[in-house]
Amino acid sequence: MAGCVSRVELSVSCQSLLDKDLGSKSDPLCVLLQDLGGGQWAELDRTERIKNCQNPEFCKKLVVDYYFEKVQKLKFGVYDIDNKSFDLNDDDYLGGIECTLGQVVSSSVFTRPLELKQGKPAGKGTITISAEEIKDTRVVYLEIEAQNLDKKDFLGKSDPFLEFYRQSDAGTWQLVYRSEVVIKNNLNPCWKKFSVPLQTFCGGDFNKPIKVQCADHDSDGSHDLIGTFETTLTQLQKGGSSPVEFECIHPEKKQKKKSYKNSGIIRIKSCKIETEYSFLDYIMGGCQVNFTVGVDFTGSNGDPRSPDSLHYISPDGINEYLIAIWSVGSVVQDYDTDKLFPAFGFGAQVPPNWQVSHEFALNFNPSNPYCQGIQGIVDAYRQILPQIRLYGPTNFSPIINHVARFAAHSAQQGTASQYFILLIITDGEITDLNQTRQAIVNASKLPMSIIIVGVGEADFKAMEFLDGDNGVLKSVTGEPAARDIVQFVPFRQFKNAPREALSQTVLAEVPKQLVSYYKWQGWPPVKPPEVKIM
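The name an unreviewed UniProt entry assigns to the protein is Copine-3, from the organism Eolophus roseicapilla. Entered under Function (unreviewed entry) in the UniProt record, the comment concerning the protein runs "Calcium-dependent phospholipid-binding protein that plays a role in ERBB2-mediated tumor cell migration in response to growth factor heregulin stimulation." On record in UniProt, under Subunit (unreviewed entry), the comment for the protein is "Monomer. Interacts with ERBB2 (preferentially with the tyrosine phosphorylated form); this interaction occurs at the cell membrane and is increased in a growth factor heregulin-dependent manner. Interacts with SHC1; this interaction may mediate the binding of CPNE3 with ERBB2. Interacts with RACK1."

Set out below in structure tokens:
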């Protein structure tokens, strides 16, 4: 499982709450619950109680861990508190709502009418929730060189490296960065530009003491200190147009020799602080995630009327194709405001002339292939199955290129406004491997990600090859993918797992892929977050 993407702070306010107190207004408090499944809810957090107020704006923020790849069902409940007990069962319920965290973070302001129970409004009461990520996304970029460092090696010159430490509140020193590159035999080294998150570097405090150590690297781990100095981020930034210089001092040498000056000079060539945007910065900043589905209707799936076919719909109305569509679609749909999803099939003979098509609309409407919601894709799939003939070959490139055309058009706007996810569900026998490799390499330069779910028991070697986990995918001509955009999983690994396990695995990489694309392009969110100095 991917780690938590981030923590989110929810601000809550209400309007026109019901009045439950005789002679005075209600004393509301808002509680946040998360769905544990099976009808079980657990409290995550609660606000303060505000006395005599029907339009409360709660000061205490509600904090929740956010995962893109999960549907996180939340329940907000507002109560009139008239006693000191923590238990809410003895307090009047003023209404609540159920929603997903994805719905909240993808809306700049999320307002809903409060309900006493489903379908029964709580008077004219409404609740408004807005989300903010808890983070400091500033990053310190440093370029450093040294001059005239002391020679430490008996036969050669020193092999110098740098270490940065920050002082903790208790006064101890914590390592925050060690230069990766050990420069061999050089007393005037110039280290590669490097970056450290500001929070890690100094806890966001520009005047927190920083200790810099320069040492001579020895392969047996017994590194020799060349010298050290203390500074702050404020001092490191003073360079501007000319480098800031610090004397590198070896404490023992300084004590022993009166004539000792220093063990070399460390020069800060540049020290810049830049903002690195997160996945939620882009989503909250207005980026829409567009979801497209491609379904494999080739003959190797077997006759849909036969129970051993991968397209056979069981008496309870499901098959592996439908489970994959539901699992992935239920997460992604929260990030698309119009909930219109294009859905295509490939590898079948389609009416009226029974030509093989490698990208036909599931609703048989090529000029408007959009289905209303995930249920719309499911309905279109069920309706089309009896109307087509499964055939072949299994060509992926037409549908990848189809979505890539939309992604390319969006990229021409030069803004982080649209990102595309293509879900291909297949039984695995790919025919146009070379063209697909080229299509993926081309798509890697566009705002899109490709998820491939392999159904059935086939050998998925070709799919694993397309998923660049074992090295960078290259086209036939040797052109490497600009970034890794393909995630492949075989459905059989999830046969006995909870349904959400599939979506959590295939979508875990998407936030990283989206951020890597916009970072590569240098595009900020459409509405960048307000910078708060921590």
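Moving on from the coordinates now.
Caption draft 1: Quick look at the overall build of the protein. Looking only at helices and strands, the protein features 12 helices and 26 strands. Projected onto its principal axes, the C-alpha positions of the protein cover 95 × 80 × 40 Å. Each of the 534 residues in the protein was classed as buried or not, and the buried ones make up 51%. Within the protein, contacts between residues at least 6 apart in sequence are counted, and of these 70% link residues at least 24 apart.

Caption draft 2: Highlighting the sheet that holds strand β16 (residues 265–275). Spatial strand order, β12-β9-β16-β15: four strands in an open sheet with antiparallel pairing. Pairing within the sheet leaves two strands with one partner each, and these edge strands are β12 (194–197) and β15 (244–247). Direction aside, neighbouring strands of the sheet carry axes that sit 35 degrees apart on average. Across four bridges, the pairing between strand β9 (residues 138–147) and β12 is antiparallel. Counted as the bridge partner of Tyr141 is Ser195 from β12.

Caption draft 3: The arrangement of unusual backbone geometry in detail. Cis peptide bonds are those with omega within 30 degrees of zero, and the linkage from Pro351 to Pro352 qualifies with 5 degrees. Relative to the helices and strands, Pro352 resides in the loop between β19 (348–350) and β20 (355–357). A cis amide bond links Gly392 to the next residue, Pro393, at an omega of -5 degrees. Mapped onto the secondary structure, Pro393 falls in the loop between β23 (389–390) and α8 (397–411). Even without glycine at this site, Ser16 takes up a positive phi of about 55 degrees.

Caption draft 4: Region of interest: the sheet that holds β23. Spatially, the three strands line up as an open sheet ordered β20-β19-β23, and their pairing is antiparallel. The open sheet has two free edges, formed respectively by β20 and β23, since each of these has just one partner strand. When β19 meets β23, the two strands line up antiparallel, connected through two bridges. Along β23, the bridge assignment pairs Gln349 with Arg389.

Caption draft 5: Local environment of the pattern of salt bridges. Summed over all chains, the structure comprises 17 salt bridges. Measuring nitrogen to oxygen at the nearest pair gives 2.7 Å for the salt bridge that ties Glu163 to Arg178. Here the residue Glu163 occupies a position in strand β10 (residues 160–167), and Arg178 occupies one in strand β11 (residues 173–178), the gap between them amounting to 15 residues. On the basis of relative accessibility, which here comes to 9%, the residue Glu163 falls in the buried class. Three or more residues joined by partner-sharing salt bridges are found here, namely Glu145, Glu245, Arg267 and Lys269.

Caption draft 6: Geometry of the pairing of β9. Across the 10 residues of β9, eight count as buried, placing the element largely inside the fold. Two strands pair when backbone bridges link them, and β9 and β16 are joined in this way by 10 bridges, in the antiparallel orientation. Within the sheet, the bridge partner assigned to Tyr141 lies in β16 and is Lys272.

Caption draft 7: Focus on helix α7 (residues 373–384). Along its 12 residues, α7 runs 17 Å from first to last C-alpha, staying within 8% of the 16 Å computed at 1.5 Å per residue. On its buried face, α7 is in contact with β17 (288–296), α6 (320–332), β18 (340–346), β21 (360–361) and β22 (370–372).

Caption draft 8: Spotlight on the packing of α6 against α7. Between α6 and α7, whose axes approach to 10 Å, the crossing angle comes to 165 degrees. As summarised for this structure, α6 and α7 are arranged roughly antiparallel, according to the angle between their axes. α7 is crossed by α6, and the crossing has right-handed handedness. Each of Tyr321, Leu322, Ile325, Trp326, Gly329 and Ser330 in α6 lies in contact with α7, whose residues at this interface are Ile374, Gln375, Ile377, Val378, Tyr381 and Arg382.

What counts as what
Residues numbered from 1 in each chain as written. Predicted model: local features only at pLDDT ≥ 70, side-chain atom pairs only at ≥ 80, totals over all residues. Heavy atoms only, no water. UniProt positions renumbered as here; feature names shortened; annotations may be inferred. Helix = DSSP H or I, 4+ residues; strand = E, 2+ residues; numbered from the N terminus. Buried < 20%, exposed > 50% of the residue type's maximum accessible area, 1.4 Å probe, protein only. Contact = heavy atoms within 4.5 Å. Pairing = 2+ DSSP bridges. Axes fitted to C-alpha atoms, helices over the stretch in contact; angles between N-to-C directions. Salt bridge = Lys/Arg side-chain N within 4 Å of Asp/Glu carboxyl O. Expected span 1.5 Å × (residues − 1). Parallel < 35°, antiparallel > 145°, perpendicular 65-115°, else oblique. Left-handed = near helix turned anticlockwise from the far one by under 90°.

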